[in-house]
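# Descriptive structure summary
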Amino acid sequence: MCGIVGYIGKGCALDILLNGLSKQEYRGYDSAGVALMVNDKIEVFKEEGKLINLRNKIKPHASKLLSSHSGIGHIRWATHGAPTTLNAHPHQSTCGKVVVVHNGIIENFKELKEELEKCGCKFKSQTDTEVVAHLVAQEFAKVKNLTEAVCLATKRLEGSYALCIMHQDVKDTVVATKRNAPLLVGVGDGEYFVASDVPAIIEYTKKAVYLEDNQVATIHSDFLGIMDVEHNIITPHIEVLPWESVSLSKMGYKHFMLKEIHEQPDIIRNILADKLHSSDSDVTLDGVNIDKVMLKHLNRIQVVACGTSLHAAIIGKYIIETLCDIAVDIEPSSEYIYRKTLTDKNTLVIGVSQSGETADTLTAVRQSKKRGSHILIITNRPDSTMAREADSLIPVNAGIEVSVAATKSYIAQVMSFYLLAIHIAQLKGTVDESLTAALKHELIMLPMKIESILSHKEQIAEIAKIYSGFKNFVFIARGINYATALEGALKLKEISYINATGYPAGELKHGPIAMLDETMPVLSILMTGSVYDKILSNSEEAKARNARMIALTDSEDEKLDELFEHIMRVPQVHELVSPIIAIVPLQLLAYYIAEYLGKDVDQPRNLAKSVTVE
Ligand code: F6R
């Protein structure tokens with residue numbers, strides 16, 4: 001979703017802004033823009049589409065812009081107003097002197113716009129953001145101080161925002177502020193950076209100040225001042241960012257998604273090296289502050305998440321209920337936040353989020369925290385807002401995920417649930433020694449098994465070629481792999497735009513079977529274990545309706561060749577950890593189908609990596 005970058009110092013602002021925006025491209029966006037202070041005048045360039053379009057627009061003017069040492073930039077993911085050049089940020093006040101870039105949504109923009117229009121402000125875009133530029137200009141005309149004008153303007157705003165603002169009459173100054181959207185100020189040597197995401201600035205500095213809600217940073221090239229909107233001075237708390245300079249390189253792979261799928265075995269190895277050394281050792285989860293007393297009073301666990309993270313949570317439910325005998329409810333965060341939830345101090349609430357910034361999940365965990373629940377966050381971003389507000393934290397350590405479609409972070413989230421379940425079972429004393437020993441052994445074997453799937457990926461690519469012309473798919477599974485069916489279907493939908501649906505196989509006959517005929521491939525996730533025979537029967541039912549049958553299985557049963565037209569075989573695996581094996585061919589299938597169809601695999605249309613609006 002949208003990305004902000006700001007710079008003030010002695011370096012070339014244009015290069016730093018464009019580079020910062022390129023490092024946030026992975027978040028998904030549809031237009032881009034920059035505003036630079038050039039010889040005491042603000043120059044704005046913006047363009048719809050990818051960053052290359054903006055670069056091309058700037059090229060003829062570059063020589064005069066290179067001397068600029070301050071500016072702000074933005075990539076936009078449209079919410080209010082189409083993804084056009086006019087709606088791209090930065091937005092300007094009527095006088096053109098105030099420029100604003102914004103992440104988030106100004107919910108009361110319609111009322112503010114009406115009021116500002118009555119005062120003579122001329123609006124050029126359909127965005128909610130433009131009101132901020134006009135409001136700041138209006139306040140600045142009264143108070144003649146940019147920081148104060150921003151404080152007064154933001155007091156009028158409802159909704160969420162991270163803002164970076166400049167005024168042509170206020171030299172050597174960038175003002176930044178936020179509410180319910182992340183924003184940090186990078187501290188360099190005689191220079192400062194503003195960013196909504198670490199990759200934008202990490203190659204310039206590892207020191208940064210995370211702004212809190214309603215704080216306003218006034219940034220000059222040699223000074224950073226922070227206060228809150230009530231004028232209380234805040235001493236900047238400079239942190240060292242927990243990131244190495246981020247190499248956003250595809251390392252020879254055609255797409256980041258393919259590279260990230262291939263990283264999965266090593267990610268599992270790293271997680272295990274850190275938290276589970278051998279099948280006889282205990283799991284150690286340093287950031288989890290759950291003790292025996294708390295577990296004694298715990299009556300339920302609720303897990304809130306969205307999209308792929310929600311699918312990881314469904315597997316988490318199976319495994320925690322199996323190992324720990326505690327009831328676990330799963331809910332999409334966007335539903336959880338708009339109903340009465342029976343959460344209290346005896347509920348453990350787990351928020352799962354790759355980005356740690358997803359607005360719905362953040363709101364859900366904040367609501368539960370207010371009711372006294374212990375909040376455990378499972379995230380790939382230990383520097384995120386969710387992680388910073390958590391009582392307990394499991395960083396999944398998948399490394400930065402560039403492809404919008406989540407793959408490696410999903411596997412790392414699922415791994416985290418296994419380790420959490422074993423950890424809780426250890427604490428609670430519900431450990432079934434033989435089961436946990438088997439489970440630990442299976443977890444340790446996973447990387448090798450995934451590597452074996454990856455080494456045969458051409459077979460999946462062949463199957464993908466055959467099926468890339470179909471318009472609809474059904475994925476069926478039962479038990480712990482129901483989430484695998486949902487996730488496999490989601491991957492296909494996201495990157496190939498094919499209508500794919502995941503069903504519990506037993507539900508097929510309750511309605512969806514009506515859709516089946518020779519135009520509908522049915523992909524059965526047929527992992528050996530308690531529900532294998534049941535799924536086999538459900539697959540027979542689908543075959544009897546002429547559906548095109550594909551199996552994903554760890555069974556070597558040759559009879560499957562009669563039932564299924566194509567079979568993706570994976571190494572044999574314990575049923576409880578089978579989701580980690582089963583998802584890999586489905587990630588590859590979705591990848592290759594999208595590839596054959598010539599889709600933008602890493603940045604699918606309409607999607608954003610970090611969804612910071614509700
Ligand atoms: C799918 C995908 C999304 C995210 C969802 C939640 O590939 O990436 O469905 O899983 O937007 O995002 P996080 O996990 O950052 O909260």
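Scroll up a little and you will see the structure.
Residues numbered from 1 in each chain as written. Predicted model: local features only at pLDDT ≥ 70, side-chain atom pairs only at ≥ 80, totals over all residues. Heavy atoms only, no water.

Turning next to the site of the ligand. With respect to spatial proximity, 14 residues lie near the ligand, and among them Ser309, Ser353, Gln354, Ser355 and Thr358 are the closest. Within the backbone of Thr308, a nitrogen or oxygen atom sits 3.1 Å from an oxygen atom of the ligand. At 2.8 Å from an oxygen atom of the ligand is found a main-chain nitrogen or oxygen belonging to Ala406. Summarising the interface, the protein chains cover 89% of the accessible area of the ligand, which totals 400 Å² for the free molecule. It is helix H10 (residues 307-324) that provides the largest number of residues to the shell around the ligand, a total of three residues. (Near = heavy atom within 4 Å. Polar contact = N/O pair within 3.5 Å; in protein donor to acceptor, adjacent residues only side chain to side chain. Areas by Shrake-Rupley, 256 points an atom, 1.4 Å probe, with all protein chains shown as cover. Helix = DSSP H or I, 4+ residues; strand = E, 2+ residues; numbered from the N terminus.)

Here we come to unusual backbone geometry. Here His89 and Pro90 are connected by a cis peptide whose omega angle stands at 0°. Tracing the backbone shows Pro90 in the loop between strand S4 (70-76) and strand S5 (91-92). Within the chain, Asp172 stands out as a residue other than glycine whose phi angle is a positive 50°. In this fold, Asp172 is placed in the loop between strand S7 (159-167) and strand S8 (174-179). Owing to a relative accessible area of 33%, Asp172 belongs among the partly exposed residues under this scheme. The backbone of Tyr497 sits at a positive phi, close to 65°, despite the residue not being glycine. (Buried < 20%, exposed > 50% of the residue type's maximum accessible area, 1.4 Å probe, protein only.)

To continue, consider the pairing of strand S1 (residues 3-8). Across the six residues that make up S1, a large majority, six, are buried. Side chains of S1 alternate between two faces, with Gly3, Val5 and Tyr7 and Ile4, Gly6 and Ile8 buried alike. Sheet topology note: the S1/S4 ladder contains six bridges and is antiparallel. The residue of S4 that forms the bridge with Ile4 is His74. (Pairing = 2+ DSSP bridges.)

Let us look at the environment of Ser392. Inspection of the secondary structure puts Ser392 in strand S20 (residues 392-395). Classification of Ser392 as buried rests on a relative accessible area of 1%. Taking the C-alpha atoms as reference points, Ser392 and Asp600, 208 residues apart in sequence, are found 37 Å from one another. The contacts of Ser392, once residues within four sequence positions are left out, are Gly287, Val288, Asn289, Ile290, His374, Ile375, Leu376 and Ile377. Of note is the side chain of Ser392, whose polar atom sits 2.7 Å from the side chain of His374. (Contact = heavy atoms within 4.5 Å.)

Taken in spatial order, the five strands line up as S17-S16-S18-S19-S20 in an open sheet, and their pairing is parallel. Of all the strands in the sheet, just strand S17 (328-332) and S20 have a single pairing partner and so form its edges. Neighbouring strand axes in the sheet, compared pairwise and without regard to direction, differ in orientation by 20° on average. Here strand S19 (residues 374-379) runs beside S20; their pairing, made up of four bridges, is parallel. Bridging from a neighbouring strand, Ile377 pairs with Leu393 of S20. (Axes fitted to C-alpha atoms, helices over the stretch in contact; angles between N-to-C directions.)

Now for the pattern of salt bridges. This structure, assessed with the given rule, holds 26 salt bridges. Ionic pairing is found between Asp383 and Arg381, a salt bridge with its closest N-O pair at 3.3 Å. A residue is classified by how much of its surface remains accessible, and Asp383, at 5% relative accessible area, is buried. Taking relative accessible area as the criterion, Arg381 reaches 8% and is therefore assigned buried. Salt bridges sharing common partners tie together Asp197, Arg381 and Asp383. (Salt bridge = Lys/Arg side-chain N within 4 Å of Asp/Glu carboxyl O.)

What follows concerns the side chain of Ser524. Looking at where Ser524 falls in the secondary structure, it is placed in strand S23 (residues 521-526). Overall, Ser524 belongs to the buried group, its relative accessible area being 0%. Beyond its immediate sequence surroundings of up to four residues, Ser524 is in contact with Ile476, Ile535, Ser539, Met549, Ile550, Ala551, Leu552 and Phe564.

A few words on helix H4 (residues 109-118). Among the residues of H4, Phe109, Leu112 and Leu116 are the ones counted as buried. Summarising the axial view, the buried residues of H4 lie within an arc of 65°, below the 170-degree limit, and thus occupy one face. Pointing more than 90 degrees away from the buried face of H4 are the exposed residues Lys110, Glu114 and Lys118. Those residues of H4 that are buried lie in contact with strand S6 (98-106) and helix H5 (130-143). Residue Gly120 follows H4 closely and has a positive phi angle near 100°. (Arc of directions from axis to C-beta.)

Turning our attention to the packing of helix H16 (residues 457-467) against helix H20 (residues 578-596). At their nearest, the axes of H16 and H20 sit 8 Å apart, and the two run at 50° to each other. Here H16 is positioned oblique relative to H20, judged by the angle of their axes. Of the two possible hands of crossing, H16 and H20 adopt the one that is right-handed. Contacts between H16 and H20 involve Lys457, Ile460, Ala461, Ile463, Ala464 and Lys465 from the first element and Pro585, Leu588, Leu589, Tyr592, Ile593 and Tyr596 from the second. When the residues that make up the contact of H16 with H20 are grouped by side-chain class, the tally is ten nonpolar, no polar and two charged. (Parallel < 35°, antiparallel > 145°, perpendicular 65-115°, else oblique. Left-handed = near helix turned anticlockwise from the far one by under 90°. Nonpolar A, V, L, I, M, F, W, Y, C, P; charged D, E, K, R; others polar.)

In this section: the environment of Glu518. For Glu518, the location among the structural elements is in the loop between strand S22 (499-504) and S23. Residue Glu518 is classed as partly exposed on the basis of its relative accessible area, which comes to 47%. Spatially, the C-alpha atom of Glu518 lies 39 Å from that of Ala78, the residues being 440 residues apart in sequence. Setting aside its immediate chain neighbours within four residues, Glu518 contacts Phe470, Asn546 and Arg548.

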